[in-house]
Structures are given as C-alpha cells and as structure tokens.
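Understanding the architecture of this molecule
Residue-level listing of the chains:
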Amino acid sequence: MTVPTALTAGRTAAVLSALALLSAACGGAVRIAPPAPQGDTAAACAALVKRLPGTLDGAERVPSEPASPYVAVWGAGEIALRCGVPRPAAMDPMQQVPEIDGVPWFADPARPALFTAVNPRGYVEVTISRAHDPSGVLIDLAPAIKAAFPPAETPSG
C-alpha cells in the first residue's frame, strides 16, 4: 500500500512542528527577533532585563535565540518581552492608555495577546499566550519596568 505524497508531507510537517515545540519546551532557546534600541533607551532596557523575575505566572525564564540584552522569555515562548521596540503603529500618539500597577499599557485591539508599556523613554512589548493571566503577568512586570523607566521628574514651580 502506498501513501499519497501530500498526506505524507503533511504528516511530516506536523511531526516536525511538534518536535520544534517539544524542543522549546524542554529547555531549548526560543527564537525571538530582538529590537535595536539606542542611547538611553538601550541602557534602560538592559537594566530592565536584568531586573525581571525568573518566573512569571508559573512559567520559568528560558534563553532566547539570538541572545539579546533586550529580550526575556518565559516558558516555551508563552510569555515574551522585547524592550526598546517602536511605538505601536495602532496607537494614536495622543491616546490615553490604562495603567496597571503604575505602568501605562497599550493593548493592541488587533492583537489581543500583545501589550506595550508606554513610557516617554521607551516602549516595552509583552506577548502573553492564552495559557496565562495577562493582568497577573503585567502586575508582576511592573516593579522592574518602573525601576528601569522611572517617571520623568516634573520641574517644581
């Protein structure tokens, strides 16, 4: 009995996809495109990534590929943070965004798993899979974000 080539190719692709996910879940590095922040933003992002927790919503921090001082990943890519990204294209520059534990977050309406911390000194993008509670993750990230991107001081008058 022969198996049609298209069916075999489909099964092979499914098996390879499953193996790639299993590899990531078993401690392999998760592939995330790193941003390229500049100047003060790059320094703040490097400080942020060093302050991030080792566990978020039960997911352990894992390495990313390529290694970057501006990226952090938890689980098998279930939660990914990229610091120093451009302002989200869908965000109106004058738009008011809600705060969670003192950090303003833009939630992209077209991408419900994507949240961006808004700060005049830089943007921090967080992607959260459905397996995790976004509000809990954003609350747990807030202390590190506030420490790396402190609010601008207002001149006393």
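The preceding data block contains the structure.
No experiment lies behind these values; they were computed from the predicted model shown.

1. Concerning the sheet that holds strand β8 (residues 103-107)
Strand order in this open sheet of eight strands is β2-β3-β5-β6-β10-β9-β8-β7, and the pairing throughout is antiparallel. With one partner strand each, in any of the chains shown, β2 (55-56) and β7 (99-100) form the two edges of the open sheet. Of the pairings in the sheet, the one linking strand β9 (residues 114-119) to strand β10 (residues 122-128) comprises six bridges and is antiparallel in character. Paired with Val118 across the strands is Tyr123, a residue of β10. Taken strand by strand, helix α2 (residues 39-51) contacts β3 (59-62), β5 (71-74), β6 (79-85) and β10, and its axis lies near 160 degrees from that of β6.

2. Description of unusual backbone geometry
A cis amide bond links Glu65 with the next residue in sequence, Pro66, at an omega value of -5 degrees. Structurally, Pro66 is set in the loop between β4 (64-65) and β5. Positive phi, normally seen in glycine, also occurs at Asp57, with a value near 45 degrees. Positionally, Asp57 belongs in the loop between β2 and β3. Within the chain, Asp101 stands out as a residue other than glycine whose phi angle is a positive 50 degrees. Examined against the element boundaries, Asp101 turns out to sit in the loop between β7 and β8. Owing to a relative accessible area of 40%, Asp101 belongs among the partly exposed residues under this scheme.

3. Some points on the pairing of β6
Every other side chain in a regular strand lies on the same face of the sheet, so the side chains alternate between the two faces. The buried count for β6 comes to seven of seven residues, which makes it a mostly enclosed element. In this structure, β5 lies alongside β6, joined through four bridges in antiparallel fashion. Across the sheet, Trp74 pairs through a bridge with Ile79, a residue of β6. The pairing of β6 with β10 spans six bridges and is antiparallel. Counted as the bridge partner of Val85 is Tyr123 from β10.

Calculation rules
- Think of each chain on its own: its residues are numbered from 1, step by step along the sequence as written.
- Only residues with pLDDT of at least 70 get local features here, since the model is predicted, and only at 80 or more are side-chain atom pairs given and counted; chain-wide, interface and lining totals rely on the full set of residues.
- Only hydrogens and water are set aside when side-chain values are computed; all heavy atoms of the structure are taken into account.
- A pair of strands counts as paired when DSSP detects no fewer than two bridges linking them.
- Secondary structure follows DSSP: runs of H or I at least 4 residues long count as helices, runs of E at least 2 residues long count as strands, and numbering of each begins at the N terminus.
- In what follows, residue pairs with any heavy atoms lying within 4.5 Å of each other are defined as contacts.
- Only the contacting stretch of a helix is used when fitting its axis, a line to C-alpha atoms as for every element, and angles between N-to-C directions run 0 to 180 degrees.
- Buried means the residue's accessible area, taken with a 1.4 Å probe over protein chains only, is under 20% of the maximum for its type, while exposed means over 50%, and partly exposed covers the values in between.

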